[in-house]
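Residues per chain, in single letters:
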Amino acid sequence: MAKTATITYGDKKIELPVIEGTEAEIAIDISSLRAQTGLITLDPAFGNTGSCKSAITYIDGEKGILRYRGIPIEELAKNTRFTEVAWLLIFGRLPKQDELDRFSRQLTMNASLNEAFKHHFEGFPVDAPPMAMLSAMINTLACFHPQFNKIEDEETFEEVSARLISKVRTIAAFIYRRSMGLPYIYPDPKRRYVNNFLHMMFSMPYDEYQCDPDVEAALNLILLLHADHEQNCSTSTVRMVGSSRANLFTSCAAGVCALWGPLHGGANVAVLEMLEEIHKGGLTPQHCLELAKNKESGFKLMGFGHRVYKSFDPRAKILKKAADTVLDKLGVNDPLLDIARRLEELALKDPYFIERKLYPNVDFYSGIIMKAMGIPVNMFTVMFAIGRLPGWIAHWKEQHDDNTSRIARPRQVYIGPTTHDYVPMNKR
Ligand code: SDX
């Protein structure tokens, strides 16, 4: 592999260093480009630009490969639970039993919210968008835990990670309970992470939710499949905000805002709305494809396509299989699953989708499974955020621990008006 790349521009010719990642990804290091040539690069949406070096997650979009800290997602999906994956992502290796037990204890001990949070929940309209509330409440954690505005050591980092991962679950459940006009159900220290979440969502006073092990396993799977995905929009947002040395809570709150977008985490809601539209007869699967192919329509086949995956999204493959098992075990016969399968079948045979390498992504099947568990559609992206939180924390930590990292501040190519004088009002 050549060690440098040559850039020739006018009478200037410079050599820029080339770096190679552990999976043979090659990058031209342009950090000295402007100093040497006065030139900058332009790459809207950063499709060709690496923002950092990272050791957390590896994706091969052509081969449909996804690995967390080198471990294939298929192996993690089969052998682990969400909380173990969270520790793996944040601390870089699989935890030993005593480390996992300690982390679980911290998750259990930190599930409750300060009672003052209730005033914040009560202050929102009943139909407030859950993602708006989630972002606000995660930011509010910084007010109640100022001691974490500066994190100096691994032990403290494990504690703040556990607090955030644990409390986000309680916040999400309370958001749901508030929207339904139901009493808040407090966390039960005897229950494990996912079981406790479902308890806080669906128990009633004097009528405790009995968590079906298959539902618990399916939600563990959904959360761990969402746990990280390298430099996606919301994770890049967390890194951007964290690069100013803003605290972990506020950086993750910013990640929630980016995830909300329908092109990103909001797609799982949009997929269900699209499938329900078809089910109601408003649209046919074929009509969906026609709309998706017609640029003027502004319609996208939600849950399809990906910036990186130009073959199948391995998470979608796993979720497609899980959808069958979970709905079957729960005895749920959801026509939306058949519609989704029909849509996938038609799209994968359609030249427009084949030429553009558009395949189902993580959002295409996740909603059908969550719906079968009784999780309402407007909470789907909140579930994505609960799953993605360990990834955000891991990336924030990786950047925070890198003493060469600097505040992120991209340049631009200015295309506005050239200089001209101020015109007084009476002359305009
Ligand atoms: C997530 O980055 C991540 O890792 C994200 C994520 C994660 O885990 O963090 O994986 C989670 O966000 C998954 C994506 C969820 N979003 C959707 O399902 C929304 C529908 N998908 C599209 O909006 C789109 O595919 C994106 C947003 C996912 C990707 O956007 P890109 O990279 O800008 O799309 P592209 O440049 O690859 O598109 C190439 C072509 C274009 O057409 P042409 O200009 O070449 O004619 O494909 C078309 C696009 O218009 N296209 C679609 C399409 N997706 C791409 N056409 C119809 N329907 C679609 N879904």
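Q: When you look at the packing of aromatic side chains in this model, what are you seeing that I'm missing?
A: Aromatic rings considered in pairs are described by the distance between their centres and by the relative angle of their planes. Evaluated as defined, the whole model comprises 15 aromatic pairs. Measuring from ring centre to ring centre gives 5.9 Å for Tyr 176 and Phe 202, while their planes differ by 75°; the resulting arrangement is edge-to-face. Taken together, the residues span a long stretch of sequence, with Tyr 176 in helix 7 (residues 154–180) and Phe 202 in helix 8 (residues 193–202) at a distance of 26 residues. One exposure class covers both Tyr 176 and Phe 202, and it is buried. Look at Tyr 352 and Phe 353: their rings are 5.1 Å apart centre to centre, the planes differ by 70°, and that puts the pair in the edge-to-face class. The same class applies to Tyr 352 as to Phe 353, namely buried. An aromatic cluster is built from Phe 304, Tyr 352, Phe 353, Phe 364 and Tyr 365, whose rings are joined through pairwise contacts. Over the face of the ring belonging to Phe 157 we find Lys 397, whose NZ or CZ atom lies 5.5 Å from the ring centre.

Q: Would you mind showing me how to read the pattern of salt bridges here?
A: Opposite charge on two side chains permits them to pair, given that their charged atoms come into close proximity. The full count for this structure, using the stated rule, is 26 salt bridges. A salt bridge links Asp 401 to Lys 397; the shortest N-O distance between them is 2.8 Å. Of this pair, Asp 401 and Lys 397 both sit in helix 18 (residues 380–401), 4 residues apart, which is roughly one turn of that helix. For Asp 401, a relative accessible area of 44% puts it in the partly exposed group. Three or more residues are tied together by salt bridges with common partners; here these are Asp 188, Lys 190, Arg 191 and Glu 208.

Q: Hey, could you run me through the side chain of Asn 361 in this one?
A: Position of Asn 361 relative to the elements: it lies in the loop between helix 16 (351–355) and helix 17 (363–372). On the accessibility criterion, Asn 361 (7% relative accessible area) is buried. A polar contact of 2.9 Å, which involves the side chain of Asn 361, links it to the backbone oxygen of Gly 305. In this view, Asn 361 contacts Gly 303, Phe 304, Gly 305, His 306, Asp 313 and Ala 316; residues no more than four positions away in its chain are not counted.

Q: It is not clear to me how the site of the ligand should be interpreted in this structure. Could you clarify?
A: Around the ligand there are 25 residues in total, and His 229, His 306, Arg 307, Arg 315 and Arg 388 lie nearest to it. Lys 295 has a polar side-chain atom sitting 3.1 Å from an oxygen atom of the ligand. At 3.1 Å from an oxygen atom of the ligand is found a side-chain nitrogen or oxygen belonging to Lys 300. Computed on the free molecule, the ligand has an accessible area of 1,100 Å², of which 78% lies beneath the protein chains in the complex. Taken together, the residues that form the shell around the ligand break down as 10 nonpolar, 7 polar and 8 charged.

Q: Explanation requested: the sheet that holds strand 3 (residues 26–28) in the structure shown.
A: Across a sheet, strands are paired by hydrogen bonds formed along the backbone, either parallel or antiparallel in direction. The sheet built from 3 strands is open, its strands ordered 1-2-3 with antiparallel pairing. Two strands close off the open sheet at either side, each with one partner strand: strand 1 (4–9) and strand 3. Adjacent strand axes in the sheet meet at a mean angle of 30° when their direction is disregarded. As defined by bridge partners, strand 1 adjoins strand 2 (residues 12–20) across 6 bridges and the pair is classed as antiparallel. From the neighbouring strand, Thr 8 faces strand 2, where its bridge partner is Lys 13.

Q: How do you make sense of the packing of helix 10 (residues 233–242) against helix 18 when you look at a structure like this?
A: Packed helices, taken two at a time, are described by the angle between their axes plus the distance between the axes. Viewed as axis vectors pointing N to C, helix 10 and helix 18 meet at an angle of 35°, and their least axial separation amounts to 9 Å. Where helix 10 crosses over helix 18, the handedness of that crossing is right-handed. Facing Ser 234, Thr 235, Val 238, Arg 239 and Gly 242 of helix 10, the residues of helix 18 in contact are Arg 388, Trp 392, His 395, Trp 396, Glu 398 and Gln 399. Looking at the contact of helix 10 with helix 18 residue by residue, the classes come out as 3 nonpolar, 5 polar and 3 charged.

Q: I keep staring at a nonpolar patch on the surface and nothing clicks. Help me out?
A: Taken together, the side chains of Ile 40, Leu 42, Val 413 and Ile 415 make up a nonpolar region of the molecular surface, amounting to roughly 420 Å² of accessible area. Note that Leu 42 resides in the loop between helix 1 (33–37) and strand 4 (57–60). By relative accessible area, which is 62% here, Leu 42 ends up exposed.

Q: Looking at this structure, I do not really get the sheet that holds strand 5 (residues 65–68). What am I missing?
A: The strand order across the open sheet formed by 3 strands is 4-5-6, and the pairing between neighbours is antiparallel. A strand with exactly one partner marks an edge of an open sheet, and here the two such strands are strand 4 and strand 6 (71–72). Here strand 5 runs beside strand 6; their pairing, made up of 2 bridges, is antiparallel. Residue pairing across strands places Tyr 68 opposite Ile 71, the latter belonging to strand 6.

Q: What's the story with the side chain of Asp 334 in this structure? I'm lost.
A: Tracing the backbone shows Asp 334 in the loop between helix 14 (314–329) and helix 15 (335–349). Asp 334 gets classed as buried once you look at its relative accessible area, which sits at 7%. Looking at Asp 334, its side chain comes within polar contact range of the main-chain nitrogen of Leu 336, at 2.8 Å. In this structure, Asp 334 is in contact with Leu 327, Ile 368 and Lys 371, ignoring residues within four places of it in sequence.

Cut-offs and rules
Residues numbered from 1 in each chain as written. Predicted model: local features only at pLDDT ≥ 70, side-chain atom pairs only at ≥ 80, totals over all residues. Heavy atoms only, no water. Phe/Tyr/Trp six-rings, centres within 6.5 Å; stacked < 30°, edge-to-face > 60°. Helix = DSSP H or I, 4+ residues; strand = E, 2+ residues; numbered from the N terminus. Buried < 20%, exposed > 50% of the residue type's maximum accessible area, 1.4 Å probe, protein only. Lys NZ or Arg CZ within 6 Å of the ring centre and 35° of its normal. Salt bridge = Lys/Arg side-chain N within 4 Å of Asp/Glu carboxyl O. Polar contact = N/O pair within 3.5 Å; in protein donor to acceptor, adjacent residues only side chain to side chain. Contact = heavy atoms within 4.5 Å. Near = heavy atom within 4 Å. Areas by Shrake-Rupley, 256 points an atom, 1.4 Å probe, with all protein chains shown as cover. Nonpolar A, V, L, I, M, F, W, Y, C, P; charged D, E, K, R; others polar. Pairing = 2+ DSSP bridges. Axes fitted to C-alpha atoms, helices over the stretch in contact; angles between N-to-C directions. Left-handed = near helix turned anticlockwise from the far one by under 90°. Patch = residues over 30% accessible without salt bridge, like charges linked within 9 Å, V, L, I, M, F, W, Y side chains within 5 Å.

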